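Fold and contact review
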Amino acid sequence: MPKFGGAPKCHACEKSVYFAEELNGLGKKWHKLCFKCAGCSKRLESGQESEHDDKPWCKNCYGKRFGPKGVGGSSTAGCLGTNDDAPVQSKYKNTHVSTKEVKVNEQDKCVRCEKTVYFAEKMMVLNKIFHKTCVKCKSCNKTMEPGAVTEHDNEIYCQNCYGKEFAPHGKH
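A brief structural summary. Just so you know, these numbers come straight off a predicted model, no measurement behind them.

The number of helices and strands found in the chain is two helices and eight strands. Mapped in sequence order, the helices and strands of the chain form the string β-β-β-β-α-β-β-β-β-α. Across the 172 residues of the chain, 23% fall into the buried class. Taking as baseline every contact in the chain between residues at least 6 positions apart, the subset at least 24 positions apart corresponds to 10%. Roughly 13400 Å² of accessible area belongs to the chain as shown, and the carbon and sulfur atoms make up 52% of that amount.

What follows covers unusual backbone geometry. Even without being a glycine, serine 41 presents a positive backbone phi close to 65 degrees. For serine 41, a relative accessible area of 47% corresponds to the partly exposed category. Phi at leucine 126 takes a positive value of approximately 55 degrees, unusual for a residue other than glycine.

Attention now moves to the side chain of lysine 128. Examined against the element boundaries, lysine 128 turns out to sit in strand β6 (residues 128-131). Among the polar contacts listed, one links the side chain of lysine 128 to the side chain of glutamate 151, at a separation of 2.6 Å. Residues contacting lysine 128, with those up to four places away along its chain left out, are Val111, Met123, Glu151 and Asn154.

Formed by 15 residues in total, the largest nonpolar core has its most connected members in Val125, Phe130, Val135, Cys137, Met144, Val149 and Ile156. Among the secondary structure elements, those contributing two or more residues to this core are β5 (122-125), β6 and β8 (155-158). At three residues, the largest contribution of residues to this core is made by β8. Once residues lying within four places of it in the same chain are set aside, the contact partners of valine 149 are Val125, Leu126, Val135, Met144, Ile156 and Tyr157. Of all hydrophobic cores here, the second largest spans eight residues; its members include Leu23, Trp30, Phe35 and Cys37.

Our focus in this paragraph is the packing of aromatic side chains. All told, the structure shown has five aromatic pairs when counted by the stated rule. A ring pair is formed by tryptophan 57 and phenylalanine 66, whose centres lie 5.0 Å apart and whose planes are at 85 degrees; its orientation type is edge-to-face. The class for tryptophan 57 is buried, based on a relative accessible area of 7%. Using a relative accessible area of 31% as the deciding quantity, one classes phenylalanine 66 as partly exposed. Between tyrosine 62 and phenylalanine 66 the ring centres are 5.4 Å apart and the planes differ by 50 degrees, which places this aromatic pair in the tilted class.

The next subject is the pattern of salt bridges. One pass over the full model with this rule turns up five salt bridges. Of the charged contacts, one joins aspartate 54 and lysine 28 as a salt bridge, the two residues approaching to 2.9 Å between their closest N and O atoms. With aspartate 54 in the loop between β3 (50-52) and β4 (55-57) and lysine 28 in strand β2 (residues 28-31), this residue pair connects regions lying 26 residues apart in the sequence. On the basis of relative accessibility, which here comes to 26%, the residue lysine 28 falls in the partly exposed class. For lysine 122, the salt bridge goes to aspartate 108, with nearest N and O atoms at 3.7 Å. Remark: aspartate 108 occurs in the loop between α1 (59-66) and β5 and lysine 122 occurs in strand β5; sequence separation between them is 14 residues.

Rules and cut-offs
Residues numbered from 1 in each chain as written. Predicted model: local features only at pLDDT ≥ 70, side-chain atom pairs only at ≥ 80, totals over all residues. Heavy atoms only, no water. Helix = DSSP H or I, 4+ residues; strand = E, 2+ residues; numbered from the N terminus. Buried < 20%, exposed > 50% of the residue type's maximum accessible area, 1.4 Å probe, protein only. Contact = heavy atoms within 4.5 Å. Areas by Shrake-Rupley, 256 points an atom, 1.4 Å probe, with all protein chains shown as cover. Polar contact = N/O pair within 3.5 Å; in protein donor to acceptor, adjacent residues only side chain to side chain. Core = buried A, V, L, I, M, F, W, Y, C linked by side-chain atoms within 4.5 Å. Phe/Tyr/Trp six-rings, centres within 6.5 Å; stacked < 30°, edge-to-face > 60°. Salt bridge = Lys/Arg side-chain N within 4 Å of Asp/Glu carboxyl O.

Structural data, given as structure tokens:
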């Protein structure tokens, strides 16, 4: 901070940094546009940087230049090379034999539309398989909940239509 007031100076360009353009990084004040990686010049935000020789570096450039040397051009610290040339055998074996054919059980066909019914859309009504969207009254085509279904001649009906069509009617 200057002696007689005024704004603090940017660590990169040494010009005044006013509050609206100020960024705190590496314990210093910077212009938002001046706080960039010393390697690739990518703009950084506070907390994204690594520090070396009092300069900000992005994680990628820092890893490549100053990180441990290993597989992947020094950018992967977790994959260090060894001097052991013996091939490594995994104790886990993949015993799955790949087939390009997907088999669907024949019984998983919708009673109403006769198309394949997958697990996520499967609904059992009166011990028969339906798509959820195919559980509709034969007469009025209203979608029904499984508990509100009645059956006549292998067709499903809502209770209202079943009563109108198949219930005994009294004589007047």
